[in-house]
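# Survey of secondary and tertiary structure
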Amino acid sequence: MWNRHKTYQRQNMCLVFFVFALMLVVMFVRLGYLMIFRADYFGVQAKELHERERKIKAERGKILDRNGKLLAGNRSVSTISVIHSQMQEPEKVISILSKELDMTEETIRKKVEKVSSREKVKSNVDKETSDRIRNYKLAGVTVDEDYKREYQYDSLASKVLGFTGSDNQGIIGLEVTYEKYLKGADGSILTMTTAHGTEIENGAEDRIEPVAGWTLNTSLDLTIMEYADQVANMLLKKKNAKSVEIIVMNPNNGEIYAMAGVPEFNLNDPYTLTDGEENLTEKEKNKRLNAMWRNGCVSDTYEPGSTFKILTAAAALEKGVVKMSDHFSCPGYRMVEDRRIRCHKTTGHGGETFLQGIMNSCNPVFIDVGARVGVKSFFQYLTAFHAMQKTGIDVPGEAKTIMHQEKNVGAVELATISFGQSFQMSPVRLLTCAASIINGGKSITPHFGVSAVSADGNQMKKFVYPGGDSVVSKETSDLVREALGKVVSEGTGKNAGVEGFTVGAKTGTSQKLPRGNGKYIASTIGFAPVEMPQVIALVRIDEPQGLYYGGTVAAPAISILFSNVLPYMTR
């Protein structure tokens, strides 16, 4: 019995020893595996445990006008953060940050007490405030340098330039289109910390310098922008209009000198509604903001009215179905099938040539000319003029032309298209078509971006745009240009004239849908000089009160605009 007990004890001891030995073997095998095969992985883990990365924000690239004047720049701000593991006097931190940052102690406390490697308290803190916070030397509080976008002229060209969000990323306009050039590349600082996350004083530090964003050189001209803005705001107030859009462009290469769409908004305060409306739901406010930011020159479409007759005349002359000397008769209307379509002069213009029809903006003449061109050829010329497609302008949100399908166009539809009704196009699309017709007949792409240059000046990106293909012959271009000059010197566009300069223009008035609502759009396209155009502009007034004819309210705006722009450009 005793021997059996001893034998049992020896067996148990052997078993324990065997299990212990097996555990040691497993432990050493595991340790060997970790030390040999997983050494790189755990080395990285250890490094990450004892290092903390802090970003160094890159300065966003500037936006300049064509003469190097600053339109959008940056100012130094800071981001204030707290590090829970380094906090020594939390109540003091809460009290000071609440006072300096104008935040409630409750909000600050949540940030301070949150267990995280780094908790952002507030960004875009001005330099004066951040310097004061830095001077308190509060353990666990960091002040990191940052940049805030700053627009030099508040609302000027707000819908073109666009703005950035809290992360300094482009939201709308040129800021978003050229984001990859403007944003730059953030740098970083790697600091050594203890296992508890406390930064080690005088610990090793690795620093990767940020790369500043590229400067965007644009075709915008600050002086012309201010002229356009002044005229637009004058019209908005004088005519109590819903909105006013003005585009000023080089007709030869598509460079846009100015694009105004009033009312504009404050780029340095883009989330405040300009209409002063309060007590809105978040959904309602977002809807209002999107409408406020919308660029009507690019994103809105409308019936162009008689300004479109530039395209009809060019198509007919190019096809050879009409000459300037051809005779027509206007009794004040034209019957097309069962439709009686009126001329703006209800008593009629009587007998007139095609040139006089252009000068008088006579609908019956253009109905006859459109019929001569025919549906198939008319659509072929619309395609040649690029009227059916987007311009490719370098700001987002461009609207496409809304046109009848060719197969659905009969005599009535062709008649209304011929004088600019029953379809819609954007202001920038219409102006670009007109520019291509009067510049000698070459297509262009409207644009703002000219080049992007790196902060050190060693790199440069020159932007190239499609264009140069033939839209109409030079002969047709010359004829249309000369006729539009007559519109100003002798016809319906007299109010667009500028003393000392030759100006060509075409006025337009269109009724908004539904018909009979009493709401109109008055517009005028003007260019100068007639002999060799260097500038072309479009003025569009949405829902002017009182007199609403393009020749009465929009043509004078071209005159005022060009009275300032032409002397400036020729000085």
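Described below are features of the structure shown in this document. (Residues numbered from 1 in each chain as written. Predicted model: local features only at pLDDT ≥ 70, side-chain atom pairs only at ≥ 80, totals over all residues. Heavy atoms only, no water.)

## Observations regarding the overall build of the protein
Operational definition: Helix numbers and strand numbers start at the N terminus; a helix is a DSSP run of H or I with at least 4 residues, a strand a run of E with at least 2. Here's how the labels work: a residue is buried when its accessible area is under 20% of the maximum for its type, exposed when over 50%, partly exposed in between, all with a 1.4 Å probe on protein chains only. Two residues form a contact once any of their heavy atoms are found within 4.5 Å.
The secondary structure content of the protein amounts to 19 helices and 19 strands. A total of 571 residues make up the protein; the buried ones form 50% of that total. Across the protein, contacts joining residues at least 24 apart in sequence account for 71% of those joining residues at least 6 apart.

## Notes on the pattern of salt bridges
Pairing is possible between side chains of opposite charge, provided their charged atoms come close. The condition is simple: Throughout this description, the term salt bridge denotes a Lys or Arg side-chain nitrogen within 4 Å of a carboxyl oxygen of Asp or Glu.
One pass over the structure, following the stated rule, counts 27 salt bridges. Residues R66 and E255 are paired through a salt bridge, measuring 3.2 Å at the closest nitrogen-oxygen approach. Placement of R66 in the loop between β2 (63–64) and β3 (70–82) and of E255 in the loop between β9 (243–249) and β10 (256–262) is noted, with a sequence separation of 189 residues between them. Between R132 and E100 there is a salt bridge whose closest N-O contact spans 2.9 Å. Of this pair, R132 sits in helix α5 (residues 127–135) while E100 is found in helix α3 (residues 90–101), placing the two residues 32 residues apart along the sequence. The exposure class of R132 is partly exposed, given its relative accessible area of 34%. Given a relative accessible area of 12%, E100 falls into the buried group.

## Observations concerning the sheet that holds strand β17 (residues 504–511)
The test is simple: Note on pairing: two strands pair once DSSP finds at least 2 bridges between them. For helices, the fitted line uses only the C-alpha atoms of the stretch in contact; every axis is such a line through C-alpha atoms, and the angle between N-to-C directions lies from 0 to 180 degrees.
Overall, antiparallel pairing links the 5 strands, which are arranged β10-β9-β19-β18-β17 in an open sheet. If you trace the sheet from one side to the other, it starts and ends with β10 and β17, each paired once. Each adjacent strand pair in this sheet contributes to an overall mean axis angle of 5°, direction not counted. Lying over the sheet, helix α17 (residues 427–438) contacts β9, β10, β18 (520–528) and β19 (535–542), oriented at roughly 150° with respect to β19.

## Brief notes about the nonpolar core
Short version of the rule: We call a set of buried Ala, Val, Leu, Ile, Met, Phe, Trp, Tyr and Cys residues a nonpolar core when their side-chain atoms join them within 4.5 Å.
Among the nonpolar cores identified, the biggest contains 125 residues, and I246, M259, L311, F354, F385 and F562 are the most heavily contacted of them. Contact partners of F354, with chain neighbours within four places excluded, come to A313, L317, V322, K323, M324, D326, F328, V365, F366 and V369. M103, V112, V121 and V125 belong to the second-largest nonpolar core, a separate cluster that totals 17 residues.

## Looking at the pairing of β18
Burial analysis of β18 places 9 of its 9 residues in the buried class, the great majority of the element. Both faces of β18 are covered, namely the face carrying Y520, A522, T524, G526 and A528 and the face carrying I521, S523, I525 and F527. Where β17 meets β18, 8 bridges bridge the pair, whose relative direction is antiparallel. Following the sheet pairing, Q511 is matched in β18 by Y520. One ladder, built from 8 bridges, connects β18 with β19; its direction is antiparallel. What sits directly across from I521, in β19, is D542. As consecutive antiparallel partners, β18 and β19 are separated by 6 residues.

## A word on the environment of D300
Tracing the chain through its elements places D300 in the loop between α11 (296–299) and α12 (309–319). Between the C-alpha atoms of D300 and S426, which are 126 residues apart in sequence, the distance is 5.6 Å. Those residues within four positions of D300 in sequence are excluded, and the remaining contacts are R294, N295, M425, S426, P427 and R540.

## Looking at the packing of helix α9 (residues 222–238) against helix α19 (residues 550–569)
As a reminder of what qualifies: Just so you know how the angles are binned, under 35 degrees is roughly parallel, over 145 roughly antiparallel, 65 to 115 roughly perpendicular, and the rest oblique. By convention the crossing between two helices is left-handed if the near helix lies anticlockwise of the far one by an angle smaller than a right angle, and right-handed if it lies clockwise. In this classification, the charged set is Asp, Glu, Lys and Arg, the nonpolar set is Ala, Val, Leu, Ile, Met, Phe, Trp, Tyr, Cys and Pro, and all remaining amino acids, among them Gly, are polar.
It is the contact of α9 with α19, at a shortest axis distance of 10 Å, that shows an interaxial angle of 160°. With respect to α19, the element α9 is oriented roughly antiparallel. In this structure, the crossing between α9 and α19 has a hand that is right-handed. For the pair α9 and α19, the contacting residues are T223, I224, Y227, A228, V231, M234 and L235 in the first and V553, A557, I560, L561, N564, V565, Y568 and M569 in the second. Partitioned by chemical class, the residues of the contact of α9 with α19 number 13 nonpolar, 2 polar and no charged.

## Concerning the packing of aromatic side chains
We apply this condition: Any Phe, Tyr or Trp ring, taking Trp's six-membered ring, that has another such ring centre within 6.5 Å forms a pair; planes under 30 degrees apart are called stacked, those over 60 apart edge-to-face, and the others tilted.
One pass over the structure, following the stated rule, counts 14 aromatic pairs. Pairing Y178 with Y181 gives two aromatic rings, centres 6.4 Å apart and planes at 45°, and the pair type is tilted. A residue is classified by how much of its surface remains accessible, and Y178, at 5% relative accessible area, is buried. A relative accessible area of 17% places Y181 in the buried class.

## Re helix α10 (residues 282–293)
Note the following rule: Each helix should span, by expectation, one fewer than its residue count multiplied by 1.5 Å. This arc is built from the directions going out from the helix axis to the C-beta atoms.
With 12 residues, α10 extends 16 Å between its outermost C-alpha atoms, agreeing within 8% with the 16 Å of an ideal straight helix rising 1.5 Å per residue. Three or more residues of α10 are buried, namely L289, M292 and W293. Angularly, the buried residues of α10 cover 90° about the axis, an arc narrow enough to put them on a single face. Exposed and facing more than 90 degrees away from the buried side of α10 are K283 and K287. For α10, the elements touching its buried residues are α6 (158–161).

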